[in-house]
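Summary of the model geometry
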Amino acid sequence: MPKIVFTEPGGGRREINAPLGLTLMEAARQNGVQGVVALCGGACMCATCHVYVDPKWLARLEPREEMEEGMLETAWEPRANSRLSCQIQITADLDGLQVTVPQRQGQ
Amino acid sequence: MLIGDEPQLPYQRPPLSKKYLAGEMSADRLLFRHRAFYDEHRVELKLGIQAVRLDAAARQVELADGERLGYDRLLLCLGAGPRRLTCPGAALAGVHYLRGLADVPPIQAALKPSARVVVVGGGYIGLETAATCRHLGCEVTVLEMADRVMNRVVAPVVSEYFAREHRGHGVGILCDMRVVRLEGSGRVERVVCADGSVHAADLVIVGVGAIATTELAGNAGLACDNGIVVDEYCRTSDASILAAGDCTNHPSLRYGRRVRLESVDNAFEQAKTAALSLLDRPVAHDRVPWFWSDQFDNKLLIVGLSQDFDGQVLRGDPATRSFSICYLKGRELVAVEAVNHSKDYMAARKLIAERALLNPEKLADIHVPLKDSI
C-alpha cells in the first residue's frame, strides 16, 4: 500500500498506508486524519475534503475536472495546489505523496 | 455511549440510492469511521438494539431487551423514517422503501436486467433510485402525484430538465399519477392509478417523503411539532436532552422561521452545535442549508430555502446542460438551484449567508460570475 503523509491542521504529521482503489479522502478518513470532513461522502459537492498537495506531486495527479474547479474557487483559502481529496484515486505511484490539510474546511 | 438500532457502525446514507445500490461501492466504504476510531476515543457502542422508552424524569433510556441506562445528558439523533403507502395492497411482498442499509439487499436481488420497476414518487430518492435502476438495465417507470417531478424543491425549469434527462435515458416519467392500489397474488404485480392506468411491476420502490422520528421524544413529554422542537443550541424542552439532524424542528436564523430539514449538511452541523452545547460551550446553529442530488451524470446542487421570494432569474441555458436559477427577495439572494454548475452553487452559499444584495442585470448574464454579480 502506498504511504501518504498528511500534515494536519494543528501541525501534526500522520503517515498512513492508503489502500489501492480508495480515494485519498476515504483513506484519510479511515485513518482518522484530522480536518478531512467530507460531508458529501465523495460526491464532489461540499468542498470539505480540501487539501493542499505538495507542488512536486501536482503534475503526477489527474488534473481537476470542471466540477472540482468550481468547488475550489470559493473554498476556504484555495491555492494553486488545492485539490478535493475525494477526486484523487489512490494508485501505486502515489507512494510518498505529501499533503497538507487546511486550517478550515468549507468556506 | 452511542446507541443505535441498526447493527452497522455509523454510515453514510446518500450512496444507498446511488453507487451502493448499483453495487459499485462496498459496505466498508460507507462507514464514517472504523471501529478503532470509537475505541481510540473511548466511545462505547451499543448497536443493533432499539431504545424503546425514554423516562425523562428518571433520566433513563430503556432498550428493547429491558436494560435501563441512566444519563446526565442525552442527545437524540433519530433521523426520519419513510412515509409509507396506505392504499390497498401496500403491504404486498415486492414493495420496498429505501432508507437504511438493510433495505438495499432485497431491492438489489430483484434488480435484474429488464425487471419492471415502478417507482412511486418523483422526489430526490425516487429519481435517484430510478436512475440507478435504469443504469442496471431495468425497465423503469416513475409515478409522480404532482404535475412535475421534485415540485416541492425545485423550479419548473429544473423539473423539466430532469424529466427530460430521465426520459432520454429511457425512464418513463408520468406526472399527475395518484396511486390508488397495488395488486398481485402474494406479491406485487401491478400498480393502479386514479386515472385508471395500470402499470405492470416486478417490484415497487416507494419514495414519497419522510417523517421525523419523534415517538421516543413525544412519549417522554418533549415538545414535538413536525420534529422534536429545539432551539438554536439544539436544546429540547427538557434541559438534559438535546436533539440534532432530520428529527428536529429548529430555528433557521438566516430565514427567521422554524424549519425541519432532511439534509446531510444540517445533520453534521447540528451535531457539532449539540456537541458544543454538551460541552457547555454553546454556539448558535446558523447555517444556510444546502442539498444535492446525483441523477445519471447530472449534479443538482441546491442552496438556501426558496419558499419566500419575489423574483427568479435563470442563468445560462438548460440546453447546455449547465445552468442555475437564482431566487431573489428584493435584491437579496435567498436560494439557488444549480444544475452541473458548481461555481454558482459555491458562490451562492457565500452570498446567501452574507445577505448580499445583487445586481439583477449582471445576475442574468451567465458570463458574469455569480460571485461578481453584486
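Here the structure is a predicted model, which means the values were calculated and not measured. (Residues numbered from 1 in each chain as written. Chains lettered and ligands numbered in written order. Predicted model: local features only at pLDDT ≥ 70, side-chain atom pairs only at ≥ 80, totals over all residues. Heavy atoms only, no water.)

1. Comments concerning the interface of chain B and chain A
- If you look at the interface, chain B gives 28 residues, while chain A gives 23 residues.
- Carbon and sulfur atoms make up 58% of the surface buried where chain B meets chain A, a total of about 2300 Å² over both sides.
- On the chain B side of the interface with chain A, the three residues burying the most area are Arg29(B), Lys343(B) and Met346(B), jointly 25% of the side's total.
- Across the contact surface, chain B and chain A share two salt bridges.
- Where Glu26(A) meets Arg29(B), a salt bridge forms, and the shortest distance between an N and an O atom there is 2.8 Å.
- For the interface between chain B and chain A, the tally reads six residue pairs in polar contact (both at pLDDT 80 or more).
- Residue assignment for the side of chain B that touches chain A shows that the elements contributing at least two residues are helix 6 (264-278), strand 21 (290-295), strand 22 (298-304) and helix 7 (342-353) of chain B.
- Broken down by element, the side of chain B that touches chain A gets its largest block of residues, seven residues, from helix 7 of chain B. (Contact = heavy atoms within 4.5 Å. Buried area = accessible area lost by both parts, 1.4 Å probe. Salt bridge = Lys/Arg side-chain N within 4 Å of Asp/Glu carboxyl O. Polar contact = N/O pair within 3.5 Å; in protein donor to acceptor, adjacent residues only side chain to side chain. Helix = DSSP H or I, 4+ residues; strand = E, 2+ residues; numbered from the N terminus.)

2. As for helix 3 (residues 124-135) of chain B
All names here are of chain B.
- With 12 residues, helix 3 extends 16 Å from end C-alpha to end C-alpha; this agrees with the ideal 16 Å at 1.5 Å per step.
- What helix 3 keeps buried is the set Gly126, Leu127, Glu128, Thr129, Ala130, Ala131, Thr132 and Cys133.
- Buried-residue contacts for helix 3 involve strand 9 (116-120), strand 10 (139-143), helix 4 (156-168), strand 11 (172-174), strand 15 (203-206) and strand 21.
- Once helix 3 finishes, Gly137 follows within two positions and takes phi at roughly 95°, a positive value. (Expected span 1.5 Å × (residues − 1). Buried < 20%, exposed > 50% of the residue type's maximum accessible area, 1.4 Å probe, protein only.)

3. Here's the deal with empty space enclosed by the protein
- This structure, assessed with the given rule, holds three cavities of 30 Å³ or more.
- Roughly 80 Å³ of internal volume is contained in the largest cavity.
- As for the largest cavity, its lining consists of 13 residues, of which His250(B), Leu261(B), His285(B), Arg287(B) and Pro289(B) are closest to the centre.
- Every element with two or more residues in the lining of the largest cavity is listed here: strand 19 (248-252) and helix 6 of chain B.
- Of the residues that constitute the lining of the largest cavity, the class distribution is five nonpolar, four polar and four charged.
- The calculated volume of the second largest cavity comes to roughly 50 Å³.
- Looking at the second largest cavity, the residues that line it are Glu26(A), Arg29(A), Gln30(A), Asp28(B), Arg29(B), Leu31(B) and Phe32(B).
- Its residues placed into classes, the lining of the second largest cavity shows two nonpolar, one polar and four charged. (1 Å grid on protein atoms, 1.4 Å probe; cavity = no way out; pocket = protein on both sides within 12 Å on 5 of 7 lines; lining within 4 Å. Points joined across faces, edges and corners; volume = space filled by probe spheres on them. Nonpolar A, V, L, I, M, F, W, Y, C, P; charged D, E, K, R; others polar.)

4. Here we look at the packing of aromatic side chains
Residues and elements named next belong to chain B.
- According to the stated counting rule, one finds seven aromatic pairs over all chains in the structure shown.
- Between Tyr161 and Phe323, the aromatic rings sit 5.3 Å apart at their centres with planes inclined by 65°, giving edge-to-face as the arrangement. Residue Tyr161 is found in helix 4, and its partner Phe323 is found in strand 24 (residues 322-329); the two are separated by 162 residues along the sequence.
- The exposure class of Phe323 is buried, given its relative accessible area of 0%.
- Their ring planes at 35° and their centres at 6.0 Å tell us that Trp290 and Trp292 sit as a pair that is tilted. (Phe/Tyr/Trp six-rings, centres within 6.5 Å; stacked < 30°, edge-to-face > 60°.)

5. Details of the sheet that holds strand 9 of chain B
Residue and element names in this part refer to chain B.
- The strand order 8-15-9-10-11 describes an open sheet built from five strands, whose pairing is parallel. Both outer strands of the open sheet, strand 8 (95-97) and strand 11, are each paired with one neighbouring strand and no more. Here the average twist between neighbouring strands, direction ignored, is 20°.
- By the bridge criterion, three bridges tie strand 8 to strand 15 in an arrangement that is parallel. Counted as the bridge partner of His96 is Ile205 from strand 15.
- Together, strand 9, strand 10, strand 11 and strand 15 form the strand contacts of helix 3, whose direction differs from that of strand 10 by roughly 165°. (Pairing = 2+ DSSP bridges. Axes fitted to C-alpha atoms, helices over the stretch in contact; angles between N-to-C directions.)

6. Re the environment of Gln89(A)
All names here are of chain A.
- The residue Gln89 is located in the loop between strand 4 (82-84) and strand 5 (98-100) in this model.
- For Gln89, a relative accessible area of 46% puts it in the partly exposed group.
- Measuring from C-alpha to C-alpha, the distance between Gln89 and Leu22 comes to 6.2 Å, with 67 residues separating the pair along the chain.
- Sequence-distant contacts of Gln89, that is, excluding residues within four places in its chain, are made with Gly21, Leu22, Thr23 and Leu94.

7. Looking at the confidence of the model for chain B
- Summarising the model, chain B shows a mean pLDDT of 96, and 100% of its residues fall at 70 or more.
- Model confidence for the complex: the whole-complex pTM is 0.93, and ipTM, which rates the interface, is 0.86. (pLDDT = per-residue confidence, 0-100.)

8. Considering the environment of Met1(B)
Residue and element names in this part refer to chain B.
- Examined against the element boundaries, Met1 turns out to sit in the segment before strand 1 (2-4).
- Taking relative accessible area as the criterion, Met1 reaches 53% and is therefore assigned exposed.
- Ignoring sequence-local partners within four residues, the contact set of Met1 consists of Glu44, Lys46 and Leu69.

9. Description of the pairing of strand 25 (residues 332-339) of chain B
Residues and elements named next belong to chain B.
- Most of strand 25 sits out of view: eight of its eight residues are buried.
- With five bridges joining them, strand 22 and strand 25 adopt antiparallel strand pairing. By the bridge assignment, Val303 is partnered in strand 25 with Val336.
- Pairing between strand 24 and strand 25: seven bridges, direction antiparallel. Across the sheet, the residue bridging to Lys329 is Glu332, located in strand 25.
- Linking strand 24 back to strand 25 in an antiparallel pair, the connection comprises two residues, with Gly330 at a positive phi of about 65°.

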